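Observations on chain architecture
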Amino acid sequence: MLQDLLSETSWKKALYKEFRKEYFQNLYKFISAEYFSSSIYPSWDNIFLALNICPLNKVKVVILGQDPYHHPNQATGLAFSVHSNSKIPPSLNNIFKEIENDLGIAPNKNGNLSRWARQGVLLLNTTLTVRENKPTSHQNQGWEILTDKIIKIISEEKSNVVFILWGKYAQTKRSLINTNKHLILESNHPSPLSAYRGFFGSKHFSHTNIYLRQHKIESIDWK
């Protein structure tokens, strides 16, 4: 079953009721057929990687993506992240450039962001799977219902989380977040098409750490 891929205890408990709903059962049927008949990313075992390595009680920051990379040997199950031996995609390269501009940290040659996730950065795509070479191909199949619920759970059950919303699509999720107890940071998407229109110079990485320290929460090492 699809939900069996989620091994992290706190998320399993938080999402238990979602897995019993009709939309999720329909999503499971769709996803199972897709993985059987097509090349789908990320790998089956990594569909819930973002949740499995960033427990609910450890979440400090949420960075929202749209759907996984759709080319081979890229998608890991973490938004914006790629495998360690993969070429760094343009959006992630721009993220590293902004980190250098903001914090003086030299761009990383390794695009695997699991080191962020293990510090409490939930790298969440709103759609968790995609067909090879067909971006947005798994949208409107039920994933968004589940990931909206994940955002709501974080908003309701935690305090002083930083939600980083890059681009218009991510910013549609603002209404799910309680702005009285969380910080929302917004800018254009780091894509080469829009990074120069507000992403560069946004200083979201330093602003995140300032906010966390102000609330006596350990900051993120963005290296």
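Residues numbered from 1 in each chain as written. Predicted model: local features only at pLDDT ≥ 70, side-chain atom pairs only at ≥ 80, totals over all residues. Heavy atoms only, no water.

**A look at the sheet that holds strand β6 (residues 183–187)**
Just so we agree on the cut-off: When DSSP finds at least two bridges between two strands, those strands are taken to pair. Where helices and strands are cited, they refer to DSSP runs of H or I of at least four residues and of E of at least two residues respectively, numbered from the N terminus. Only the contacting stretch of a helix is used when fitting its axis, a line to C-alpha atoms as for every element, and angles between N-to-C directions run 0 to 180 degrees. Any two residues whose heavy atoms approach within 4.5 Å are treated as being in contact.
Spatially, β3-β2-β5-β6 is the arrangement adopted by the 4 strands of the open sheet, whose pairing is parallel. Sheet topology places β3 (121–125) and β6 at the edges, where each strand pairs with a single neighbour. Direction aside, neighbouring strands of the sheet carry axes that sit 20° apart on average. Relative to β6, strand β5 (residues 162–166) is paired through 5 bridges, and the arrangement is parallel. Bridged to W166 within β6 is S187. In the packing of helix α7 (residues 143–157) onto the sheet, the strands contacted are β2 (61–65), β3 and β5, and the crossing angle to β3 comes to about 155°.

**Quick notes on the nonpolar core**
We count it as follows: Within this scheme, the nonpolar core is defined by two criteria: the residues are buried Ala, Val, Leu, Ile, Met, Phe, Trp, Tyr or Cys, and they are joined through side-chain atoms within 4.5 Å. Think of it in three bands: residues with accessible area under 20% of the maximum for their type are buried, residues over 50% are exposed, and the middle band is partly exposed, with areas taken using a 1.4 Å probe on protein chains only.
Core analysis: the largest hydrophobic core is formed by 72 residues, its most contacted members being W11, F48, W116, L122 and I154. Here this core takes 6 residues from α7, the largest share from any one element. Among residues more than four places away in sequence, those in contact with F48 are L2, Q3, L5, L6, L128, W143 and L146.

**Some details on unusual backbone geometry**
With omega at -5°, the peptide bond leading from Y41 into P42 counts as cis. Although it is not a glycine, N140 sits at a positive phi angle of roughly 65°. Considering the arrangement of structural elements, one finds N140 in the loop between β4 (130–131) and α7. Taking relative accessible area as the criterion, N140 reaches 68% and is therefore assigned exposed.

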